[in-house]
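Listed below are the residues making up each chain.
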Amino acid sequence: MEFFICPCSGTGNVILDGNDQGPNKDSSGGLLTKQCNAGLHTVSLQCAAGKICIPAQTTVAINNTDPISPMEVPFRCA
Amino acid sequence: MRIANHGLMLLCSAVLLICGGCAHYPDNPRLASIATNEGYRYSVVRPIPGGDTPFVVLAFSGGGTRAAAFSFGLMEELKTVEYIAKGMKRKLIDDVEIISSVSGGSFTSTYYALYPESFFRDFPEKFLYRNIQMGLVWRLFNPYNWWRLASPDFSRIDMADEYYNNTVFDNKTFADLVNMPKGKSPFLVLNATDIGITHRFEFTQDQFDLLCSDLSGVSLSRAVAASSDFPVAFAPLTLDIFNKQPCGQLPMWIELGMDREHNPDKRRVADATAAHSYREADRSFVHLLDGGLSDNLGLRGPFQAVSTTDSPWSILRLANLDKLGRLMMIAVNAKTTKQRDWDKKSSPPGIGAVLDVALNGPMDDVSFDSTEMVDGHFTQMKQLSNTVASCNKRLGQYCPAAPQIYNPITTDFTFSELTFDNIPDPRLRRCLQELPTSFALPRNTVDLLRAAAGYLLMNSSDFVAGMKRLDPAWQPRQVVIDPKLIDEVCGR
């Protein structure tokens with residue numbers, strides 16, 4: 001099992017390989033760690049209405065992570 | 001006169017042969033365009049779970065009527081299991097989200113998915129106590145079928161499909177499952193084996209998207225026939241692939257998964273390559289055999305669903321959505337264990353015995369690995385969760401100012417396997433382990449299998465522990481298997 005987070009100044013829904021995995025943050029702004037299988041994945045962050053998350057989509061190899069140190073897949077909200 | 005008679009006979013034979021040559025398996029319909037919100041998919045037939053009730057996944061193994069009766073017994077027992085959650089009494093059977101099945105177990109799972117209300121009343125007479133084998137053999141004696149079987153596009157499995165369709169599944173199709181009210185019956189995953197690529201093949205719209213075919217127009221009997229298409233007894237069942245006209249993009253994970261360099265998990269590469277093969281120009285047909293050849297427990301699909309986000313019915317995705325508080329997986333394994341005395345003499349076992357080992361040996365091995373994989377995965381997830389909890393405890397003790405680490409694994413995992421090996425009474429255990437694999441069992445044998453499933457569930461330490469974590473006041477029911485029934489079936 002692999003773990004990753006999507007840090008961003010804004011809040012949005014994490015889309016992994018085209019499928020919604022829920023919000024990147026909890027209601028108090030803490031980052032939520034997501035789980036996936038090892039390997040190559042495409043990640044995007046669907047920001048709240050009126051905002052754009054950059055990059056629109058990124059392809060990353062998620063390997064060798066653990067729940068204490070998940071991989072960071074960062075986004076910028078504009 | 002004689003010449004005229006011979007001529008007439010020849011003409012009749014030619015007409016019959018031509019008609020027979022026209023016999024064709026029922027074609028699966030083409031799908032013009034993929035629509036992910038339509039068709040027989042988990043997300044279409046089941047509402048998103050709330051996360052506060054157990055998410056129950058059942059896996060029914062192969063093994064003819066033995067497996068069908070054993071899994072029916074589990075369903076009967078699940079119906080009696082009640083627990084209290086948030087002050088409300090619930091039945092565990094209402095929490096069954098997914099049933100994945102193979103071969104004999106597919107008759108039980110399909111009938112339940114189709115008729116959840118009349119299942120307990122009708123299924124025993126309609127299938128379990130019926131001599132299905134004799135019904136199939138009688139069809140072989142019908143001269144009309146001889147001519148049909150002369151066609152290269154119609155075989156014994158298509159005849160079996162017709163028989164199951166008429167006698168068990170009432171001409172119902174996957175469209176009938178799609179049209180049921182959402183959440184009324186569990187999501188059914190019928191597993192067969194694609195022998196062209198030696199890979200698991202499931203009857204879901206997500207799988208049929210790869211073929212550009214519409215599963216809604218496929219009969220349930222056809223899927224069950226494929227799932228229970230025992231090699232040699234039946235010929236492979238054929239499906240059409242419509243990849244010449246594009247119907248839509250493949251799911252994103254398939255292209256990503258085919259990258260050998262960046263995917264350390266070779267299973268992912270193999271699954272992606274298998275999925276991609278349906279769009280390759282040189283594939284026009286799929287030939288299917290019994291699901292047991294690739295997974296005789298029906299556990300591989302659920303394992304992929306709990307351990308990856310690639311599965312079209314990913315259960316891991318529900319964990320990411322915080323909708324998976326409790327996952328209970330129950331595998332009903334009707335495998336037999338034969339006692340053999342070959343090693344007492346120097347002469348090797350005969351051809352029948354060798355064929356039996358060649359067919360069943362690898363299947364048993366794969367099934368053993370499947371249960372170990374699921375059990376091991378659940379154990380690993382618990383350990384990871386415990387590691388984060390221990391780390392947070394230490395942080396609190398030695399570094400109280402530091403923020404706590406978020407624990408993403410909040411699911412409570414339970415895995416139970418029902419197998420004859422766990423029957424404590426050696427006479428009964430041996431008796432069940434030596435039951436034949438056929439589609440005809442005596443009535444009392446079916447009843448014994450039903451009772452054994454109930455007994456095994458209520459005596460499964462894993463299941464009982466999982467239930468007690470769910471409802472600390474819950475107590476297992478005392479199940480006693482009627483000694484007279486044991487005597488009748490197993491002898492004194």
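See the structure printed just above.
Below you will find a few notes about this structure. Quantities reported herein were computed from a predicted structural model and do not represent experimental measurements.

**A few points about the overall build of chain B**
Looking only at helices and strands, chain B has 20 helices and 10 strands in total. For chain B, whose C-alpha radius of gyration is 25 Å, the value lies close to the compact-globule estimate of 23 Å for 492 residues. Overall, the C-alpha framework of chain B stretches about 110 × 65 × 55 Å when taken along its three principal axes. Within chain B, the proportion of its 492 residues that are buried is 54%. Contacts spanning at least 24 positions in sequence make up 78% of the contacts within chain B whose residues lie at least 6 apart. Counting only carbon and sulfur atoms, one obtains 56% of the accessible surface of chain B, whose full area is about 22,100 Å². For chain B, the distance from the average position of its 50 positive side-chain charges to the average position of its 55 negative side-chain charges is 3 Å.

**Details of the sheet that holds strand β1 (residues 2-5) of chain A**
All names here are of chain A. The sheet built from three strands is open, its strands ordered β4-β1-β8 with mixed pairing. Looking at which strands have only one partner, the edges of the open sheet turn out to be β4 (34-36) and β8 (71-72). With three bridges joining them, β1 and β4 adopt antiparallel strand pairing. Within the sheet, the bridge partner assigned to Phe4 lies in β4 and is Lys34.

**As for the pairing of strand β3 (residues 88-91) of chain B**
All names here are of chain B. Sheet analysis places strand β2 (residues 82-85) next to β3, joined by four bridges and oriented antiparallel. Note on β3: the bridge partner recorded for Tyr83 is Arg90. What sits between β2 and β3 in their antiparallel hairpin is a turn of two residues, with Lys86 showing a positive phi close to 50°.

**Things to note about the packing of helix α14 (residues 300-307) of chain B against helix α16 (residues 351-398) of chain B**
Residue and element names in this part refer to chain B. At a closest axis distance of 10 Å, the pairing of α14 and α16 adopts a crossing angle of 25°. Taken as axis vectors, α14 and α16 run roughly parallel relative to one another. The chirality of how α14 crosses α16 is left-handed. On α16, the residues touching Arg300, Phe303, Val306 and Ser307 of α14 are Val366, Asp369, Ser370, Met373, Val374, His377 and Phe378. Of the residues in the contact of α14 with α16, the class split is six nonpolar, three polar and two charged.

**Points about empty space enclosed by the protein**
Residue and element names in this part refer to chain B. Inspection of every chain in the model, using the stated rule, returns three cavities of 30 Å³ or more. Taken as a whole, the largest cavity encloses approximately 80 Å³ of empty space. Lining the largest cavity we find 13 residues, and of these Val306, Leu316, Ala319, Leu324 and Phe413 sit closest to its centre. Elements with a minimum of two residues in the lining of the largest cavity: α15 (315-320) and α16. In terms of residue count, the dominant contributor to the lining of the largest cavity is α15 (three residues).

**Brief notes about the interface of chain B and chain A**
On the side of chain A, 27 residues touch chain B, which itself brings 28 residues to the contact. Put simply, chain B and chain A have one salt bridge between them. Between the two partners, chain B and chain A, sit nine residue pairs in polar contact (both at pLDDT 80 or more). Elements represented by at least two residues in the side of chain B that touches chain A include exactly α12 (252-257), α14, α15 and α16 of chain B. No other element matches α16 of chain B, which puts six residues into the side of chain B that touches chain A. Grouping the amino acids of the side of chain B that touches chain A by side-chain chemistry returns 16 nonpolar, eight polar and four charged.

**Thoughts on the state of the cysteines**
With the rule as written, the count across this model stands at four disulfides over all chains. Note on cysteine connectivity: Cys47 of chain A is disulfide-linked to Cys53 of chain A, with sulfurs 1.5 Å apart. The side chain of Cys431 of chain B participates in a disulfide bridge whose partner is Cys490 of chain B; the two sulfur atoms lie 2.2 Å from each other. The chirality of the disulfide connecting Cys431 of chain B with Cys490 of chain B is left-handed, given an S-S dihedral of about -80°.

**Thoughts on unusual backbone geometry**
Here Ile54 of chain A and Pro55 of chain A are connected by a cis peptide whose omega angle stands at 0°. Looking at the secondary structure, you find Pro55 of chain A in the loop between β6 (53-54) and β7 (58-62). Of note in this structure, Asn64 of chain A is not a glycine but carries a positive phi near 55°. Note on placement: Asn64 of chain A falls in the loop between β7 and β8. Using a relative accessible area of 76% as the deciding quantity, one classes Asn64 of chain A as exposed. Phi is positive for Lys86 of chain B, which is not a glycine, with a value near 50°.

**A look at the layout of surface pockets**
Residue and element names in this part refer to chain B. In this structure, the second largest pocket encloses a volume near 860 Å³. For the second largest pocket, the lining is made up of 36 residues, of which Gly64, Phe230, Asn360, Thr437 and Ser438 are closest to its centre. Those elements that provide at least two residues to the lining of the second largest pocket are α3 (64-80), α6 (132-141), α8 (156-167) and α16. If one sorts the elements of the lining of the second largest pocket by residue count, α16 sits on top with eight residues. Residues that form the lining of the second largest pocket fall into these classes: 14 nonpolar, 14 polar and eight charged.

Thresholds applied
- Residues numbered from 1 in each chain as written.
- Chains lettered and ligands numbered in written order.
- Predicted model: local features only at pLDDT ≥ 70, side-chain atom pairs only at ≥ 80, totals over all residues.
- Heavy atoms only, no water.
- Helix = DSSP H or I, 4+ residues; strand = E, 2+ residues; numbered from the N terminus.
- Rg over C-alpha atoms; globule rule 2.2 N^0.38 Å.
- Buried < 20%, exposed > 50% of the residue type's maximum accessible area, 1.4 Å probe, protein only.
- Contact = heavy atoms within 4.5 Å.
- Areas by Shrake-Rupley, 256 points an atom, 1.4 Å probe, with all protein chains shown as cover.
- Lys, Arg positive; Asp, Glu negative; His and termini not counted.
- Charge placed at Lys NZ, Arg CZ, Asp CG, Glu CD.
- Pairing = 2+ DSSP bridges.
- Axes fitted to C-alpha atoms, helices over the stretch in contact; angles between N-to-C directions.
- Parallel < 35°, antiparallel > 145°, perpendicular 65-115°, else oblique.
- Left-handed = near helix turned anticlockwise from the far one by under 90°.
- Nonpolar A, V, L, I, M, F, W, Y, C, P; charged D, E, K, R; others polar.
- 1 Å grid on protein atoms, 1.4 Å probe; cavity = no way out; pocket = protein on both sides within 12 Å on 5 of 7 lines; lining within 4 Å.
- Points joined across faces, edges and corners; volume = space filled by probe spheres on them.
- Salt bridge = Lys/Arg side-chain N within 4 Å of Asp/Glu carboxyl O.
- Polar contact = N/O pair within 3.5 Å; in protein donor to acceptor, adjacent residues only side chain to side chain.
- Disulfide = S-S within 2.5 Å.

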